[in-house]
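Secondary and tertiary structure notes
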Amino acid sequence: MIVTDEKKLKEFSAEKRIWQGIPSIEKTKKGRLFAAFYSGGTKEEPGNFVVVTKSDDDGRTWRDVAVVYDGRESRCFDECLWIDPAGRLWLFWSRMPAFDVCAAVCEQPDEAKLRWSDPVRIGAEVMMNKPIVLRDGRWLLPAAVWDARVSALTGFCSEKKDRRAFAVESSDNGVSFRRIGGVAVPERSFDEHMFLERRDGRIAVYVRTHYGIAMAFSSDGGRNWSQGKDSGLGGPDSRFFIRRLKSGNVLLVNHVRFSGRNNLTAMLSRDDGETFEGGLLLDERAEVSYPDGVEDDDGYIYVVYDRERGAFKRSLAENQAAAREILFAKFTEADVLAGKLTDRGSKLKNIICKLGVFRGKDPYPIEG
C-alpha cells in the first residue's frame, strides 16, 4: 500500500498527475519539511492516491518520497501529517469503500532512507486534520462519520448509523485508539473538525458547516459535548485551520471578506479563541483553499494550501488551464499582527508542486 521504491514512484510522478490538492504539512526538529496531498484520475474518485514529498532546503526544492495507493477500485484520500511528541512522523489517510482511517509511522523522519511501519486502522471513517496532545498527555484525533446527506462520491456512503464528528483517543502514545464521543452540529458539511484545549480545561471542537464554522465544548475530555452553535468565524463552507501556538496564542487560518474560496488569511487570538485580531493575507486569489499548518522551534509558522486543483474538468485542455498548485506560506506571529511580512525569513506563495503538461494518455472522452 505504501510505495517507496524510486522506480515505482515514477508511475505517480507530477507529469502523470491530472490534478492535485487537499494538502498537509509537517517539519522535523532538524528542519526537514514534509508535505502530502492526493491525486489520481481526473477528480475525487476511486483510484485516488496520496503523495508524500520532502524538502531539506526550507521548501526551495521538493522530492516525492512515498505514495499511498490501494488500487483502482479503492480511494486513498484526506491525508494528514503529524509529528508526535516523540518526534515520529505519522501519516494518516482515509479509505473508501473500506470506510476507515489508516495510519503509518516513520520512526526516524530525518534519516536519508525513510522507513514506514505497516498501516494500522484508527477508527471512524474520515480524518484530515492534526491530533492534539492534551495537558494530561492523551492524544485526541478528529475522525468523523459524515452525515448521510454529505458524500464526495455518488454511491459511496457508508451504512453506519452513528454519524458524528468524533474524538478518537490514544492514552498510550499511539499504541491503541478508541472512539470516546462526538458531536453532530446543525447544518454540518464535511466536518473536517479540529480540537483546541482551552485554558479552563474545556475542549472546543470547530466543525465545517454550510454557513461557515460551528463550535461545541466538552468538559469531560471529549466524551460528551454541548450542542453545536455558530462560532461566528464565518467561511465559505471550506476547510480551515486552528491551532494553539507555543506562545499560548491561537492561530486561525480562514477565508476573510471572501467571495468563494479566496482571501486566505491568518489571524491570532490572545484571549483563548474568544476573539481574533491582525490579519496576514496569505493569498488573495480565487480557488485557494484547505490550509494545514505547523510551527517550528524558531517561531516560524508554515501553512500549506492548494490553488486551482484542476479536478472535475470537462476536457484535458480545461484541466491544463488550471494552476494545479500546492503552495505554502512561512510567517511569524508578528507578521500576522502587523498584517504584513516584517520578518526577513518570512515568505508567501511558495510553490511545493505545480503540475505542467500531462504526459499520459488523454483520460477525457471525445464529445460529439
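Below is a summary of the structure that appears in this document. (Residues numbered from 1 in each chain as written. Predicted model: local features only at pLDDT ≥ 70, side-chain atom pairs only at ≥ 80, totals over all residues. Heavy atoms only, no water.)

Some points on the pairing of strand 12 (residues 165-170)
Note the cut-off: Relative accessibility thresholds used throughout: buried, under 20% of the residue-type maximum; exposed, over 50%; partly exposed, between the two (1.4 Å probe, protein chains only). A run of H or I in DSSP counts as a helix once it spans at least four residues, and a run of E counts as a strand once it spans at least two, with each numbered from the N terminus. Pairing between strands requires that DSSP locate at least two bridges from one strand to the other.
Counting buried positions over the 6 residues of strand 12 gives 6, a clear majority of the element. Burial along strand 12 is two-sided: Ala165, Ala167 and Glu169 facing one way and Phe166, Val168 and Ser170 facing the other are all buried. Relative to strand 12, strand 11 (residues 139-144) runs antiparallel, the two being bridged by 6 bridges. The residue bridging Leu140 from the neighbouring strand is Glu169, located in strand 12. Here 5 bridges tie strand 12 to strand 13 (residues 178-183), and the two strands are oriented antiparallel to one another. When the sheet's bridge partners are listed, Ala167 is paired in strand 13 with Gly181.

Things to note about the environment of Ile242
Rules: Contact criterion: two residues are considered in contact whenever any of their non-hydrogen atoms come within 4.5 Å of each other.
In this fold, Ile242 is placed in strand 18 (residues 241-244). For Ile242, a relative accessible area of 0% gives the class buried. Sequence-distant contacts of Ile242, defined by excluding residues within four places in its chain, comprise Met194, Tyr206, Val250, Leu251, Leu252 and Phe276.

Observations regarding the layout of surface pockets
Stated precisely, the cut-off is as follows: Put simply, the grid is 1 Å and covers the protein atoms alone, a cavity is a trapped set of points that fit a 1.4 Å probe, a pocket is an open set with protein on both sides within 12 Å along at least five of seven lines, and lining residues have an atom within 4 Å of a point. Grid points are joined across faces, edges and corners, and a volume is the space filled by probe spheres set on the points. Side-chain classes follow a simple rule in which Ala, Val, Leu, Ile, Met, Phe, Trp, Tyr, Cys and Pro form the nonpolar group, Asp, Glu, Lys and Arg form the charged group, and the remainder, Gly included, forms the polar group.
What the largest pocket holds in volume is close to 1100 Å³. Around the largest pocket, the lining is made up of 40 residues, and of these Ile83, Arg243, Lys246, Val294 and Glu295 lie nearest the centre. Secondary structure elements with two or more residues in the lining of the largest pocket: strand 2 (21-27), strand 6 (75-83), strand 10 (132-133), strand 14 (188-197), strand 18 and strand 22 (288-295). Among the elements that take part in the lining of the largest pocket, strand 18 stands out by supplying 4 residues, more than any other. Along its surface, the second largest pocket is lined by 17 residues, and Gly40, Gly41, Gly47, Phe49 and Arg72 are the ones closest to its centre. Here the lining of the second largest pocket is built from residues that sort into 7 nonpolar, 4 polar and 6 charged.

Side note on the sheet that holds strand 14
One open sheet accounts for 4 strands, arranged 14-15-16-17; its pairing is antiparallel. What marks the edges here is a single partner per strand, and that holds for strand 14 and strand 17 (229-230). Where strand 15 (residues 203-209) meets strand 16 (residues 213-218), 6 bridges bridge the pair, whose relative direction is antiparallel. Bridge pairing in strand 16 links Arg208 to Ile213.

Brief notes about the packing of aromatic side chains
Definition in use: Here the aromatic set is Phe, Tyr and Trp, taking the six-membered ring for Trp, and pairing holds for ring centres within 6.5 Å; pairs whose planes are under 30 degrees apart are stacked, those over 60 apart are edge-to-face, and all others are tilted. Charges are assigned to positions over rings by a cutoff of 6 Å between ring centre and Lys NZ or Arg CZ, combined with an angular limit of 35 degrees from the ring normal.
Under the defined criterion, the tally for this structure stands at 13 aromatic pairs. Their ring planes at 70 degrees and their centres at 6.3 Å tell us that Trp62 and Phe328 sit as a pair that is edge-to-face. Placement of the pair is Trp62 in the loop between strand 4 (49-55) and strand 5 (63-68) and Phe328 in strand 24 (residues 325-331), with a sequence separation of 266 residues. Ring centres of Trp146 and Phe190 lie 5.0 Å apart, and the angle between their planes is 80 degrees; this geometry places the pair in the edge-to-face category. With Trp146 in the loop between strand 11 and strand 12 and Phe190 in strand 14, this residue pair connects regions lying 44 residues apart in the sequence. Judged by relative accessible area, which is 8%, Trp146 ranks as buried. For Phe190, a relative accessible area of 22% corresponds to the partly exposed category. Within the aromatic cluster, the residues linked to one another by ring pairs are Trp82, Trp90, Phe92, Trp139 and Phe177. Seen from the ring of Phe217, Arg202 lies directly overhead, with NZ or CZ sitting 4.1 Å from the centre.

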